[in-house]
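Overview (structure and organization)
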Amino acid sequence: MSISAIRPFRLLAAALALTVAAAGCSRADSGADTQAASADKGPATELRLGYFPNVTHAAALVGLGKGLFTKELGSTKLVPTKFNAGPEEVGALLGGSLDAGFIGSGPAINAYAKSNGEAVRLIAGATSGGAQLVVKPTITKPEDLVGKTVVTPQLGNTQDVSLKKWLSQKNLTGKVKVTNLENAQTLDAFKKGDVDAAWLPEPWSSRLVLDAGAKVLVDEATLWPDGKFPTTVLIVRTQFLQEHPETVKALLSGLLAAIDYSSTNTADAKAVVNDQLKAATGKALKPEVIDRAFKNIQITADPIASTFPQLAKDQVTAGIAKEAPKVAGFADLGPLNDVLSKAGKPTVDAAGLDSK
């Protein structure tokens, strides 16, 4: 056979190969779509949601108090559960007794790292700012903390990492006694003179300032670009997200409704938060305390994803982890951005946190 006769056969074979390959890709894509569709089990029967009785969880408290989550969830029963610190909530999420949770950025990272990036996904923000190092009036500079006792809410929680990172930067590691107490106990201990300082979220930093005579030594907002850092975010179990994507979007719609309400009805939002705090703790805040606490926070659905690589590194600086937890792939902001787009609002940036 001549060379000129062979060429058409080669061209035909190449064309057939491309057709087969294309068909194979099509089948693979179709299979992936089918697999994703088969994971979707429709609306969940219930959604177990974790939150803290803190002003830094204002969006969650408004969503609960105004029935905004329940309204959006429709037939899905909302089961809220109160926690006092992030590590406890992480245990509930990883143990499968919670489906989603409002939580600090530090424990959120730990939940992702402990499960090798499998168990949870970051799906939204809730609050930026609202954490301060408050001290006795006699303490005027970092060096004055040498030999003193400083409190954070729980070992490894967001404020614990922030304090220990700051102490490291000030060459005070090992020179200050750091201990952990529940926030209400910290207030009592500060009043008694048993502790000298505390790095706390709102409203507890405001309570120490206004109810116990503390003063602010460090506002954490001053340590971050533009004063923005994620104090509270919303994470969800990956399996729940895969099996009930529309329920997750409904939760996010409720979150946006709570954020909008807090922005346009601030006075009532404060009242709702205070009512929720009273129901959860048995005691409402003084008006001046909740006013101060609200001034120190920004309620936002943006998780400020760009800060998470630094937050992970901070755990090493703080001595909480030997190496920075991996955060690549942690975020899945697709559902949030879908909800934002449908509401005519700007989408948020995953800053690469959505890919490994």
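Let us look at the structure shown here. For every chain, the first residue of its written sequence is number 1, and the numbers climb from 1 along that sequence. Side-chain atom pairs in this predicted model are given and counted only at pLDDT of 80 or more, local residue features only at pLDDT of at least 70, and totals for whole chains, interfaces and linings cover all residues. Note: side-chain values were computed over all heavy atoms of the structure, leaving out hydrogens and water.

A cavity here means a set of points on a 1 Å grid, drawn over the protein atoms and nothing else, where a 1.4 Å probe fits but cannot get out; a pocket is an open set with protein on both sides within 12 Å along at least five of seven lines, and a residue lines either one if it has an atom within 4 Å of a point. Grid points are joined across faces, edges and corners, and a volume is the space filled by probe spheres set on the points. Enumeration over the complete set of coordinates arrives at one cavity of 30 Å³ or more. Reported here for the largest cavity is a volume of approximately 100 Å³. Around the largest cavity, the lining comprises 16 residues; the ones closest to its centre are Phe52, Asn54, Asn157, Gln159 and Pro201. Counting only elements with at least two residues in the lining of the largest cavity, the list comes to α6 (158-169) and β10 (230-237). Counted by class, the lining of the largest cavity contains four nonpolar, 12 polar and no charged residues. Strands are runs of DSSP state E lasting at least two residues, helices are runs of H or I lasting at least four, and both sets are numbered from the N terminus onward. Put simply, Ala, Val, Leu, Ile, Met, Phe, Trp, Tyr, Cys and Pro go in the nonpolar bin, Asp, Glu, Lys and Arg in the charged bin, and everything else, Gly too, in the polar bin.

Strand pairing is assigned whenever DSSP detects at least two bridges linking the two strands. An order of β7-β6-β8-β5-β9 is seen for the five strands of this open sheet, with the pairing classed as mixed. In this open sheet, the two edge strands, each paired with only one partner strand, are β7 (177-180) and β9 (215-219). If you compare each strand with its neighbour and ignore which way they point, the axes differ by 25° on average. Working rule for contacts: check all heavy atoms of both residues, and any pair within 4.5 Å makes them a contact. Angles here are taken between N-to-C directions and fall from 0 to 180 degrees, while the axes themselves are lines fitted to C-alpha atoms, restricted in helices to the stretch in contact. In this fold helix α8 (residues 204-212) packs onto β5 (131-135), β8 (197-201) and β9, with an angle of close to 135° to the strand it touches most, β8.

Burial within β10 is extensive, with eight of its eight residues counted as buried. Both strand β3 (residues 100-103) and β10 contribute to a ladder of four bridges, which runs antiparallel. Following the sheet pairing, alanine 100 is matched in β10 by valine 236. Where strand β4 (residues 120-129) and β10 come together, seven bridges link them in antiparallel fashion. Across the sheet, the residue bridging to serine 128 is proline 230, located in β10. The buried label applies to any residue whose accessible area, calculated with a 1.4 Å probe on protein chains only, is under 20% of its type's maximum; exposed applies above 50%, and partly exposed to all values in between.

What follows covers the packing of helix α11 (residues 266-281) against helix α12 (residues 287-295). Between α11 and α12, the least distance of the axes is 11 Å, while the angle of their chain directions is 115°. One finds that α11 runs roughly perpendicular with respect to α12. For the pair α11 and α12, the crossing hand works out as right-handed. Residue-level contacts link Thr266, Ala269, Lys270, Val273 and Asn274 of α11 to Ile290, Asp291 and Phe294 of α12. Of the residues belonging to the contact of α11 with α12, the class tally is four nonpolar, two polar and two charged. Oblique is the label for any angle not covered by the other classes, which are roughly parallel (under 35 degrees), roughly antiparallel (over 145) and roughly perpendicular (65 to 115). For any helix crossing, the convention is left-handed if the near helix is rotated counterclockwise from the far helix by under a right angle, and right-handed if that rotation is clockwise.

Attention shifts here to the packing of aromatic side chains. Geometry of aromatic contacts follows a simple scheme: Phe, Tyr and Trp rings, the Trp one being its six-membered ring, pair when their centres are within 6.5 Å, and the pair is stacked under 30 degrees between planes, edge-to-face over 60, tilted otherwise. Per the counting criterion, the structure on display carries five aromatic pairs. Taking 6.1 Å as the distance between ring centres and 15° as the angle between the ring planes, the aromatic pair formed by tryptophan 224 and phenylalanine 229 counts as stacked. Given the relative accessible area of 11%, tryptophan 224 is considered buried. Grouping aromatic residues by their ring pairs yields a cluster made of Tyr112, Phe308 and Phe330.

A volume near 330 Å³ is recorded for the largest pocket. Considering the residues around the largest pocket, the lining is formed by 19 residues, among which Pro53, Asn183, Ala184, Trp204 and Thr281 are closest to the centre. Counting residues per element, the ones that place at least two in the lining of the largest pocket are α7 (183-192), α8 and α11. When its residues are assigned to classes, the lining of the largest pocket shows 10 nonpolar, four polar and five charged.

Turning to the sheet that holds strand β2 (residues 77-82), a few remarks are in order. Overall, mixed pairing links the six strands, which are arranged β2-β1-β3-β10-β4-β11 in an open sheet. Two strands bound the open sheet, and with one partner strand each, they are β2 and β11 (297-299). Strand-to-strand twist of the sheet, defined as the mean angle between neighbouring strand axes without regard to direction, takes the value 25°. The sheet contacts of helix α5 (residues 105-114) involve β3, β4 and β10, and relative to β10 the element is tilted by about 30°.

On to unusual backbone geometry. Here glutamate 202 and proline 203 are connected by a cis peptide whose omega angle stands at 15°. Looking at the secondary structure, you find proline 203 in the loop between β8 and α8. In the Ramachandran plot, asparagine 116 falls in the positive-phi region, its phi being about 55° despite a non-glycine side chain. Here asparagine 116 is to be found in the loop between α5 and β4. What makes asparagine 116 exposed here is its relative accessible area of 64%. The backbone of asparagine 171 sits at a positive phi, close to 55°, despite the residue not being glycine. In this structure, asparagine 171 sits in the loop between α6 and β7.

Running from amino to carboxyl end, α5 crosses helix α13 (residues 308-317) at an angle of 85°, the nearest separation of the two axes being 10 Å. In this view, α5 runs roughly perpendicular relative to α13, as classed from their interaxial angle. Of the residues in α13, those touching α5 at Ser105, Gly106, Ile109 and Asn110 are Phe308, Leu311, Ala312 and Gln315. Grouping the constituent residues of the contact of α5 with α13 by class yields four nonpolar, four polar and no charged.

Fair warning: the whole summary comes from geometry, so function is off the table for now.
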